[in-house]
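Each chain is listed here by its residues.
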Amino acid sequence: MSRRPRIVVIRLSGTIGGSGRGGGLNDAALAPMIERAFRKGKPVAVALVINSPGGSPVQSSLIAARIRRLSDETGVPVHAFVEDVAASGGYWLACAADQIWADDSSILGSIGVISAGFGFNQLIDKWGIERRVHTAGTSKSTLDPFRPQSPEDVARLHAILEPIHQAFKDHVSTRRGARLAPDRDLFTGEFWAGREAVRLGLADGIAHLVPKMKALYGKKVSFQNHGIRKPLFRRLGLSAEALIDAAEERAAFQTFGTRG
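So, a few notes on the structure that sits alongside this text. (Residues numbered from 1 in each chain as written. Predicted model: local features only at pLDDT ≥ 70, side-chain atom pairs only at ≥ 80, totals over all residues. Heavy atoms only, no water.)

Description of the pattern of salt bridges
When the charged atoms of two side chains with opposite charge come close together, those side chains can pair. Counted only if it meets this: In what follows, salt bridge is the name for a side-chain nitrogen of Lys or Arg lying within 4 Å of a carboxyl oxygen of Asp or Glu. Numbering of helices and strands runs from the N terminus, with a helix taken as a DSSP run of H or I at least four residues long and a strand as a DSSP run of E at least two residues long.
Counted under the stated rule, the structure contains 13 salt bridges. Of the charged contacts in the structure, one is a salt bridge between E83 and R11, with a shortest N-O distance of 3.0 Å. Remark: R11 occurs in strand 1 (residues 6-13) and E83 occurs in strand 3 (residues 78-87); sequence separation between them is 72 residues. Between E196 and R199 there is a salt bridge, with its nearest N and O atoms 2.8 Å apart. Taken together, the residues E196 and R199, both in helix 6 (residues 194-199) and three residues apart, mark about one turn of the helix. Through salt bridges with shared partners, a single ionic network connects D27, E35, R39, R66 and E73.

Quick notes on helix 5 (residues 151-176)
Rules: Residue count minus one, scaled by 1.5 Å, sets the expected span of a helix. Contact criterion: two residues are considered in contact whenever any of their non-hydrogen atoms come within 4.5 Å of each other.
Taking 1.5 Å per residue as the helical rise, helix 5 with its 26 residues ought to reach 38 Å, and the 36 Å between its terminal C-alpha atoms agrees with that figure. Those residues of helix 5 hidden inside the fold are in contact with helix 2 (57-74), helix 3 (89-94) and strand 4 (99-102).

Describing the environment of H171
We count it as follows: For every residue, the accessible area obtained with a 1.4 Å probe (protein chains only) is divided by the maximum for its type, and the residue is called buried under 20%, exposed over 50%, and partly exposed between those limits. Whenever a nitrogen or oxygen atom comes within 3.5 Å of another N or O atom, the pair is scored as a polar contact, on the condition that within protein one atom can donate a hydrogen and the other can accept it, and that pairs from neighbouring residues in sequence are kept only if both atoms are in side chains.
Residue placement: H171 occurs in helix 5. By relative accessible area, which is 15% here, H171 ends up buried. In the structure, H171 is positioned 76 residues away from C95 in sequence and 7.7 Å away in space, judged by C-alpha atoms. Within polar-contact distance, the side chain of H171 engages the backbone oxygen of W92 at 3.0 Å.

A closer look at a positive patch on the surface
To keep things clear, this is the line we draw: Patch rule: a residue counts if its relative accessible area is over 30% and it has no salt bridge; like charges are joined within 9 Å, and nonpolar side chains (Val, Leu, Ile, Met, Phe, Trp, Tyr) within 5 Å. Areas reported as accessible are Shrake-Rupley estimates using a 1.4 Å probe. Residue values count occlusion only from the protein chains shown. Charge convention: Lys and Arg are scored as positive, Asp and Glu as negative, and His as well as the terminal groups of each chain are ignored. Working definition for charges: the position is that of NZ of Lys, CZ of Arg, CG of Asp or CD of Glu.
A cluster of basic residues, R4, K214, K219 and K220, forms a positive patch at the surface. Tracing the backbone shows R4 in the segment before strand 1.

Quick notes on the nonpolar core
Worth spelling out the cut-off: Only buried residues count toward a nonpolar core. Its members are Ala, Val, Leu, Ile, Met, Phe, Trp, Tyr and Cys residues joined through side-chain atoms within 4.5 Å.
Of all hydrophobic cores here, the largest spans 44 residues; its most connected members are I10, L12, L48, I67, Y91 and I100. Residue assignment for this core shows that the elements contributing at least two residues are strand 1, helix 1 (27-39), strand 2 (45-52), helix 2, strand 3, helix 3, strand 4 and helix 5. Counting residues per element, this core draws most heavily on helix 1, at five residues. For I67, the contacting residues outside a window of four places in its chain are L12, I34, F38, L48, V78 and A96. I7, V9, V49 and V221 belong to the second largest nonpolar core, which has 11 residues in total.

Some remarks on helix 1
Residues separated by three or four positions in an α-helix point in the same direction, a consequence of the helix having 3.6 residues per turn. Between its first and last C-alpha, helix 1 extends 17 Å over 13 residues, near the 18 Å set by a 1.5 Å rise per residue. Three or more residues of helix 1 are buried, namely D27, L30, A31, M33, I34, A37 and F38. For helix 1, the secondary structure elements touched by its buried residues are strand 1, strand 2, helix 2, strand 3 and strand 8 (222-226). A distance of 3.3 Å separates the backbone nitrogen of A28 from a side-chain oxygen at the start of helix 1, and that oxygen is part of N26.

Observations concerning the pairing of strand 2
Inclusion rule: DSSP bridges decide pairing: two strands pair if at least two such bridges lie between them. Every crossover in which the path from the first strand over the helix to the second runs clockwise, viewed with the strands pointing away from the viewer, is termed right-handed.
Where burial is concerned, most of strand 2 is hidden: eight out of the eight residues are buried. The alternating pattern of strand 2 places A45, A47, V49 and N51 on one face and V46, L48, I50 and S52 on the opposite face, and all of these are buried. Taken together, the six bridges between strand 2 and strand 3 define a ladder with parallel strand orientation. From the neighbouring strand, S52 faces strand 3, where its bridge partner is A86. Handedness of the crossover joining strand 2 and strand 3 through helix 2: right-handed.

Concerning the side chain of S52
Summarising the element assignment, S52 is placed in strand 2. For S52, a relative accessible area of 0% puts it in the buried group. Only 3.1 Å separates the side chain of S52 from the backbone nitrogen of G54, close enough to count as a polar contact.

Quick word on the side chain of R66
Tracing the sequence through the fold places R66 in helix 2. Side-chain polar atoms of R66 contact the side chain of E35, separated by 3.1 Å. Not counting chain neighbours up to four residues away, the residues in contact with R66 comprise D27, A31, I34 and E35.

A short note on a nonpolar patch on the surface
A cluster of nonpolar side chains, F118, F120, L123, W127, I129 and F146, forms an exposed patch at the surface whose accessible area comes to about 680 Å². For F120, the location among the structural elements is in the loop between strand 5 (107-109) and helix 4 (121-126). With a relative accessible area of 31%, F120 lands in the partly exposed category.

All we've got here are geometric facts, nothing functional implied.
Here it is, written out as structure tokens:
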């Protein structure tokens with residue numbers, strides 16, 4: 001008897017980053033799971049379930065590159081299914097798929113790069129606090145939040161942000177190609193809901209995982225779920241690190257949050 005065709009489902013949920021506390025999505029933690037997903041047996045397809053507001057562009061690039069490399073080596077196609085959000089680095093991951101599917105209310109896009117902080121120089125002046133900084137290297141205190149922002153610091157920061165943004169744009173353009181709307185600048189950092197994202201070529205259609213995979217690969221397909229298993233205390237939120245991670249992740253998701 002022939003075995004049922006198998007779909008491997010990889011859940012990529014949360015912010016993207018190289019957190020040493022065990023939170024977030026990063027290439028080192030995901031690598032063994034992604035390798036097994038493509039190489040163990042012969043799945044007919046890999047489905048990425050994505051729910052991420054983004055994070056580290058480097059980790060996004062590493063994870064997406066690993067998925068593409070394994071897909072090319074094994075000949076296994078990849079489908080991405082967006083849940084609430086695939087924004088910024090989350091959309092970078094989605095573009096690792098051959099096709100992207102979304103819900104009507106999913107948020108996609110935010111193809112941009114951001115650096116944010118605070119300036120406290122007026123506050124410490126008001127309280128008569130003297131800032132004492134000594135460096136070896138003229139640029140070591142770049143963007144110090146306790147001194148006035150300088151044009152030189154801003155220019156230096158933009159010189160870093162621009163090539164990262166260009167790498168993001170190149171990735172999206174390479175993966176989505178002619179599917180992207182030619183009459184719209186999609187790289188401004190703007191984001192869109194599902195059906196508009198489809199119209200702009202950021203996604204291929206409105207669809208949910210199980211019915212879409214059955215429509216593409218047959219009603220008898222089976223699904224094998226893969227995901228990172230967190231330690232018990234972290235899953236229950238019974239550690240300071242878990243609480244910090246939860247607060248950071250909640251803040252990132254709220255940028256794109258909507259409620260019915």
